[in-house]
Amino acid sequence: MGSLKQNAVAMIPLFAEQISSILGGPPQRITPLHGGMIGEVYRVEMADKRTVVAKVAHSSQASLDVEGYMLRYLHERSQLPVPEVLYSDTTLLLLAFLPGRSHFSAAAQQHAAELLAALHSHTAPAFGMERDTLIATIPLPNSWTDSWVRFFREYRLLYLGQRAVETDRMPAPLLTRLEGFAARLETWLEEPDQPSLVHGDIWATNVLADETRITGFLDPAIYYGHAEVELAYITLFNTFGAPFFEHYHALRPIAPGFFEERCAIYNLYPLLVHVCEFGGGYVGSVESTLSSFGY
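Residues numbered from 1 in each chain as written. Predicted model: local features only at pLDDT ≥ 70, side-chain atom pairs only at ≥ 80, totals over all residues. Heavy atoms only, no water.

Trainee: Would you mind showing me how to read the overall build of the chain here?
Mentor: In terms of regular secondary structure, the chain is built from ten helices and eleven strands. By the compact-globule yardstick of 19 Å for 295 residues, the chain fits well, its C-alpha radius of gyration being 20 Å. Counting only C-alpha atoms, the chain reaches 60 × 45 × 35 Å along its principal axes. Counting over 295 residues, the chain shows a buried share of 51%. Once local pairs closer than 6 in sequence are excluded, the contacts in the chain between residues at least 24 apart make up 66%. Here the chain carries 20 positive and 32 negative side-chain charges, and the mean point of each set is 4 Å from the other. (Helix = DSSP H or I, 4+ residues; strand = E, 2+ residues; numbered from the N terminus. Rg over C-alpha atoms; globule rule 2.2 N^0.38 Å. Buried < 20%, exposed > 50% of the residue type's maximum accessible area, 1.4 Å probe, protein only. Contact = heavy atoms within 4.5 Å. Lys, Arg positive; Asp, Glu negative; His and termini not counted. Charge placed at Lys NZ, Arg CZ, Asp CG, Glu CD.)

Laid out in structure tokens, this is it:
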């Protein structure tokens, strides 16, 4: 941990000079912020009073340019409040600073429901994305697919299960169980009326709010899928509660059976993401879900 902090401090003069060149003036103050799985995150106060967030990658193999692409995509195609991208490449991402904190009043949750219901109304001819994206540090394949169930099976559950085994995060027999379950997804899942644009990574620290409204959504993992996969993710991490779901349901009715059955199926996806990242107890959560469906 000490060496990581020392490396971060050592990088500051390097990216400060780069920021100065990009933004047309030197930073006056650089303060570390919490967060950042791919690299370090800093609040940068400029001489002209602008406040910027800088993400600086640990490795030249990072993909901060992908995050920049996803934020620009949301900014251009939706009303979701996301930070303006000032600059992006593989190792440096500069964003306009957004105010707020990750605490959500009932009014803010209702506002979140309005924003996400509107986001989910954005559609595409198929499921997937025009390019591959990522969630946390994990690349996500997004090949355009006519069937939602097939997309979810192949490019989310099986892809992540195979990755987890290949990286020794999950035992091979559990992948066999997952494959058996995934082969029968049509038993529980149905095709939506149309693909929906989803943020893809909505948990508390990726959302900012003031007392009554959402001020920002951060760190997306976008693609076109079933809106229910977004709702399930929100339940897994208890990002929002009843005020959100009641208002969302009034705007975009949630089909019967979601909370009782489909929610757990969709949450296999983020659980497998966490298995790939961390292993440990998340493997047991995947096992428990599969057992509950007889696998």
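Trainee: What is the right way to read the environment of R252 from this model?
Mentor: With respect to the helices and strands, the residue R252 is situated in the loop between α7 (242-251) and α8 (258-266). Non-local contacts of R252, meaning those with residues more than four positions away in its chain, are made with A117, H120, S121, S196 and A227. Within the structure, R252 has its side chain in polar contact with the backbone oxygen of H120 (distance 3.5 Å). (Polar contact = N/O pair within 3.5 Å; in protein donor to acceptor, adjacent residues only side chain to side chain.)

Trainee: Just checking my understanding: could you explain the packing of helix α5 (residues 172-182) against helix α10 (residues 281-292) for this structure?
Mentor: Any two packed helices are characterised by the angle at which their axes cross and by the distance between the axes. Orientation of α5 relative to α10, taken along the N-to-C sense of each, is 40°, at an axis distance of 11 Å. By the angle class used here, α5 and α10 are oblique. Regarding α5 and α10, the two cross each other, and that crossing is left-handed. Here L174, R177, L178 and F181 of α5 lie close against α10, whose contacting residues are V283, V286, E287, L290 and S291. A per-class count over the contact of α5 with α10 returns six nonpolar, one polar and two charged. (Axes fitted to C-alpha atoms, helices over the stretch in contact; angles between N-to-C directions. Parallel < 35°, antiparallel > 145°, perpendicular 65-115°, else oblique. Left-handed = near helix turned anticlockwise from the far one by under 90°. Nonpolar A, V, L, I, M, F, W, Y, C, P; charged D, E, K, R; others polar.)

Trainee: Would you mind going over the packing of helix α4 (residues 148-166) against helix α9 (residues 268-278) with me for this structure?
Mentor: At their nearest, the axes of α4 and α9 sit 9 Å apart, and the two run at 25° to each other. Classed by the angle they form, the pair α4 and α9 counts as roughly parallel. Seen along the crossing, α4 lies across α9 with a hand that is left-handed. Between α4 and α9, the contacting residues are F152, R156, L157, L160, G161, R163 and A164 on the first element and L268, Y269, L272, V273, V275 and C276 on the second. Of the residues contributing to the contact of α4 with α9, the split by class is ten nonpolar, one polar and two charged.

Trainee: Sorry, what's going on with the nonpolar core here?
Mentor: Here is a general trend for soluble globular proteins: nonpolar side chains tend to be buried in one another's company. Membership of the largest hydrophobic core comes to 85 residues, with the highest contact counts inside it found for F152, F244 and Y269. If you tally residues by element for this core, the top one is α4, at nine residues. In this structure F152 touches L157, L185, L189, V229, I265, Y266 and Y269, once residues within four positions along its chain are discounted. (Core = buried A, V, L, I, M, F, W, Y, C linked by side-chain atoms within 4.5 Å.)

Trainee: Would you mind showing me how to read the sheet that holds strand β1 (residues 27-33) here?
Mentor: Pairing between the strands of a sheet is mediated by backbone hydrogen bonds and can be parallel or antiparallel. Read across the open sheet, the five strands follow the order β1-β2-β3-β5-β4; overall the sheet is antiparallel. If you trace the sheet from one side to the other, it starts and ends with β1 and β4 (85-88), each paired once. Across the sheet, the mean angle from the axis of one strand to that of its neighbour is 20°, orientation sign disregarded. On top of the sheet, helix α2 (residues 64-77) reaches β3 (51-57), β4 and β5 (92-96); it is set at about 150° to β4, its chief contact. (Pairing = 2+ DSSP bridges.)

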